[in-house]
Amino acid sequence: MQLVGISALVIVGTLLVVVLWGLRRRLLAGERALERKEQELAVSRAAEQRLGEELVEARRAEEEARRARAEAEAASRAKSAFLANMSHELRTPLNSILGFAQLMERDVSLGHRHRENLMVICKSGEHLLGLVNDILEMAKIEAGRMTLVDADFDLHAMLSGLSEMFSVEAQKRGLTLAIEREQDVPRHVHGDEGKLRQVLINLLGNALKFTPRGSVTLRAWARRSTGVREGGAHDGAAAARARVSFEVVDTGRGMAKEEIEELFEAFGQTATGRRSGEGTGLGLHISRRIVRMMGGDMQVESQPGRGTTLRFDVRLTLADAGAALAGRGERAAPRARRVVGLSPGQPRCRVLVVDDRWDVRHCLLKLLDSVGVEVRSATNGLGAVAQWETWSPHLVLLDLRMPLLDGYEAATRIKSSPRGRDTVVVAMTASAFEQNRSLAAEAGCDDFLSKPFRDADIFNLLTKHLGVRFELEEGPAERRPAGPPAVDLARAAAGLPASLRKDLRRAATRLDVKAVQAAIDRFRPEDAELAGAVAELARGYRFDSILALSSADEEEPS
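Quick caveat, the model's predicted, so the values are computed rather than measured. (Residues numbered from 1 in each chain as written. Predicted model: local features only at pLDDT ≥ 70, side-chain atom pairs only at ≥ 80, totals over all residues. Heavy atoms only, no water.)

**Remarks on the nonpolar core**
In this structure, L155, L196, L200, F246 and F312 are the most contacted members of the largest nonpolar core, which totals 38 residues. Of all the secondary-structure elements, those providing two or more residues to this core are α3 (155-172), α4 (193-209), β4 (215-224), β5 (241-250), α8 (283-293), β6 (298-303) and β7 (307-318). A total of seven residues in this core trace back to one element, the largest contributor, which is α4. Excluding residues within four positions of it along the chain, F312 makes contact with L196, V199, L200, L203, V244, S245, F246, V291, D297 and M298. If you look at the next biggest cluster of nonpolar residues, it comprises 25 residues, including V339, V351, L367 and M428. (Core = buried A, V, L, I, M, F, W, Y, C linked by side-chain atoms within 4.5 Å. Buried < 20%, exposed > 50% of the residue type's maximum accessible area, 1.4 Å probe, protein only. Helix = DSSP H or I, 4+ residues; strand = E, 2+ residues; numbered from the N terminus. Contact = heavy atoms within 4.5 Å.)

**Digging into the pattern of salt bridges**
Taken as a whole and judged by the stated rule, the model has 18 salt bridges. In this structure, the salt-bridge partner of E62 is R66, at a minimum N-O distance of 3.1 Å. Of this pair, E62 and R66 both sit in helix α1 (residues 2-105), separated by four residues, roughly a single helical turn. Its relative accessible area of 45% is what places E62 among the partly exposed residues. In this structure, the salt-bridge partner of D313 is R243, at a minimum N-O distance of 2.3 Å. (Salt bridge = Lys/Arg side-chain N within 4 Å of Asp/Glu carboxyl O.)

**Some words on a nonpolar patch on the surface**
A cluster of nonpolar side chains, contributed by V12, L16, V19, L20 and L23, occupies part of the molecular surface with about 450 Å² of accessible area. Here V12 is to be found in helix α1. (Patch = residues over 30% accessible without salt bridge, like charges linked within 9 Å, V, L, I, M, F, W, Y side chains within 5 Å. Areas by Shrake-Rupley, 256 points an atom, 1.4 Å probe, with all protein chains shown as cover.)

**Some thoughts on the sheet that holds strand β10 (residues 374-378)**
The five strands lie next to each other as β10-β9-β11-β12-β13, forming an open sheet whose pairing is parallel. Each end of this open sheet is capped by a strand with a single partner; those strands are β10 and β13 (447-450). Adjacent strand axes in the sheet meet at a mean angle of 20° when their direction is disregarded. Pairing of strand β11 (residues 395-399) with strand β12 (residues 424-429) involves five bridges; the strand directions are parallel. Note that in β12 the partner of V396 across the bridge is V425. Sitting on the sheet, helix α11 (residues 381-391) is in contact with β9 (350-354), β10 and β11, with an inclination near 145° to β10. (Pairing = 2+ DSSP bridges. Axes fitted to C-alpha atoms, helices over the stretch in contact; angles between N-to-C directions.)

**As for unusual backbone geometry**
At S392, a residue that is not glycine, the phi angle is positive and equals roughly 55°. With respect to the helices, strands and loops of the structure, S392 is situated in the loop between α11 and β11. Within the chain, L404 stands out as a residue other than glycine whose phi angle is a positive 65°. Relative to the helices and strands, L404 resides in the loop between β11 and α12 (407-415). Judged by relative accessible area, L404 falls into the exposed class, the value being 71%.

Spatial relationships are all this shows, so hold off on functional conclusions.
What follows is the structure, given as structure tokens:
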């Protein structure tokens, strides 16, 4: 029994040891698991801390990006506002320069030389106006508001105008300028003439600037739509379209391949352009944007030392000759055919001119009064409303930017009454942004006039809205008394000294107005009638007729 008891104790002790060992192992395993959990928790806390730091950094970056975007938008708005205000400040004095020059042109007592000087002032002013309009176009592009303004125009006349524009510059640089137009190029088309001319001016200007010797050639050709759809059906709209292609080829320095790839980038310039120190590198970038808006694209081919070819195409709609001439408006008419007064038998009309600038008011008052229109003026919107209530004008020329009460509010007050609905209100502004036009229309204005404007624009408004008819002065052919026929004029030109005819012929060949005038001045004392006739041809850019006169009875080449 004692032996059995001892065995039982041994077994119990052994079991106890086993149990305790198992518990110890379990305890150690629990401690190790707890340590792992603590490590995992530490790692998780570190990861959470890092995530928190990243979130804070992300929020900070997002806030900085939001602030930078707001600053960029504010800077863009400020730049657009600056360009708009600056263009307004430039266009307003230009309106006075061109307006008073046109008034002086109407003075019949002015001599021939004074009229030529006025012509130079007008042309230079219009050239400056074109530059200001380019600034506006840049602002529109940056603001994403560039749109096409389509109208009927004479494509052949536009190309001829480009030839006249750049011929003097090409002559100064000793280059040959050629404008080659194939017979299939349509003459009367519908599209944005201004933007197409802007592209061609940019390409020709660059070609002349970077061509030290040789030639610059502008070529134009067209491919008209067949107007036949699938299945043989005729599509009249398609038949009225044409794709017109242009290319400007020069014999200049050319460009390397890597330069061509950056040519159309904004502010990108080739090495030649950077050395010249001219331009901003925006011209070709803008030009390609315009070409793509007009349904085409632009490509370039160039080799160093062998010249460059820039080629593009645009989609234009064919137009009839009458519509194209009507689209050009009064500006296409000869400059000599000016309004001299109201046609007989019609009542005088009353026009109110409202502008805070004295020079604008004075110019319009003089212009309208000179043709028999009753006219009064006001300096702000409050004065405009008061004059309208007491005088009842038929038409109000209303500036939009004025103190005390601007044009928008003045138009709203006039148009809000039943009597005001019968008054024609035309908004005037030197700012050319389209939003001004829409805001003026919302205020009730019946039409919109951008400064600077021509006298013909004012008279066209009176005809359009009031049905006013005007008397035009006689044209040169109507004014000139019956004189010797053209053959006698040629005979008179043949009587000039051979050296003088040669100089006149050379000037006409180069399309050089100043040189033609210098030759005219040499024989004016001897033959004033011939001098006047040749000067009239020069003013009309009829160099072909001058060349024919100067070549009379002349066999030797010029």
